[in-house]
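Understanding the architecture of this molecule
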Amino acid sequence: MIDSFKHKGLRKQLIDLLRHKGIRDERVLQAMESLPRHYFFDSSFHSFAYDDKPFPIGAGQTISQPYTVAFQTELLDVNKGDKILEIGTGSGYQACILAQMGARVYSIERIKSLYLKAKAFVPTVGCTHVKCFYGDGYKGLPAYAPFSKILITAAAPYIPDALIQQLTVGGILVVPLGSADVQVMTRVTKTQEGAYRTEDHGYFRFVPLLENKEDDHGNH
Ligand code: SAH
């Protein structure tokens, strides 16, 4: 993979745009400037990688819009050493941004083809602190809990209780909460065992968080 001057230049323009749209966290902007987003695209689509738009990644899913990645990451207040659970690996881009910021990332994907692709691909772009899992994000990863941060990158109809349980006290969970049509970006802070407070951060549109892994079909 090549990170040409052209791609570096386009990335710099994208970062300027994100700043202009209100992203302030320099840790986020720096990670997004240093990690080439076009690596996460098939080579025939490289020219689309620095538009501030979502893009199809196969299996009916999308890599989130750069502004959305920046916004969610900013809300998560990522510090070096954070142990972060991501729900919805997709292309692996968001997971790698978190790893680039010094976090240890555990990421779950429910579609097997996307999981296999991300698991093989992520180490090739130097994201060594990302562990990929095939599973249902509604259940989280109890064996690896607790997490200091949890990021849900698909639209959730409610906050899954299992995920709140897997968050440390003082930890933050960011989730687009709502119906299939529109969601409210919600930041949840766990205040003590069994209690949390929430703040709303505007409207977004994500692909849905679906129950179960794609190949779980009822009782057999
Ligand atoms: N973070 C991704 C974008 C994710 S799009 C990136 O940076 O590219 C949302 C992803 O969530 C899709 O890949 C979708 O298959 C996945 N998803 C939906 N429901 C899920 C669930 N219950 N558990 C895990 N992943 C889920």
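Worth saying up front: this structure is predicted, and the values here are computed from it rather than measured. (Residues numbered from 1 in each chain as written. Predicted model: local features only at pLDDT ≥ 70, side-chain atom pairs only at ≥ 80, totals over all residues. Heavy atoms only, no water.)

Describing the environment of Tyr 196
- Mapping Tyr 196 onto the fold places it in strand S9 (residues 195-204).
- Taking C-alpha positions, Tyr 196 is 9.0 Å from Val 169, a pair spaced 27 residues apart along the chain. (Helix = DSSP H or I, 4+ residues; strand = E, 2+ residues; numbered from the N terminus.)

A few points about helix H1 (residues 5-20)
- Taking 1.5 Å of rise per residue, the 16 residues of H1 would be expected to cover 22 Å, and the 23 Å separating its terminal C-alpha atoms lies within 8% of that figure.
- Taken as a whole, H1 has its buried residues at His 7, Arg 11, Leu 14, Ile 15 and Leu 18. One side of H1 carries all its buried residues, which in axial view fall inside an arc of 100°. Pointing more than 90 degrees away from the buried face of H1 are the exposed residues Phe 5, Lys 6, Gln 13 and His 20.
- Those residues of H1 that are buried lie in contact with helix H2 (26-34) and helix H3 (66-76).
- Looking at the residues trailing H1, positive phi occurs at Gly 22, about 110°. (Expected span 1.5 Å × (residues − 1). Buried < 20%, exposed > 50% of the residue type's maximum accessible area, 1.4 Å probe, protein only. Arc of directions from axis to C-beta. Contact = heavy atoms within 4.5 Å.)

A word on H3
- With respect to burial, H3 is a largely interior element, ten of its eleven residues being buried.
- All of the buried residues along H3 are Pro 66, Tyr 67, Thr 68, Val 69, Ala 70, Phe 71, Gln 72, Thr 73, Leu 75 and Leu 76.
- One or two positions beyond H3, positive phi appears at Asp 77, with a value near 50°.

Some thoughts on the packing of H2 against helix H4 (residues 93-100)
- In contact at an axis separation of 9 Å, H2 and H4 are set at 120° when each is read in the N-to-C sense. Classified by the angle between their axes, H2 and H4 sit oblique to one another. In this structure, H2 meets H4 at a crossing whose hand is right-handed. Two secondary-structure elements touch here, H2 through Ala 31, Met 32 and Ser 34 and H4 through Tyr 93, Ile 97 and Gln 100.
- Partitioning the contact of H2 with H4 into residue classes produces four nonpolar, two polar and no charged. (Axes fitted to C-alpha atoms, helices over the stretch in contact; angles between N-to-C directions. Parallel < 35°, antiparallel > 145°, perpendicular 65-115°, else oblique. Left-handed = near helix turned anticlockwise from the far one by under 90°. Nonpolar A, V, L, I, M, F, W, Y, C, P; charged D, E, K, R; others polar.)

Notes on the packing of H1 against H2
- Interaxial distance between H1 and H2 falls to 9 Å at its minimum, and their mutual angle equals 160°. Put simply, H1 runs roughly antiparallel to H2. Considering the relative orientation of H1 and H2, their crossing is right-handed. Taking contact as the criterion, the partners of Arg 11, Lys 12, Ile 15, Leu 18 and Arg 19 in H1 are, on H2, Glu 26, Leu 29, Met 32, Glu 33 and Ser 34.
- Class assignment for the residues of the contact of H1 with H2 results in four nonpolar, one polar and five charged.

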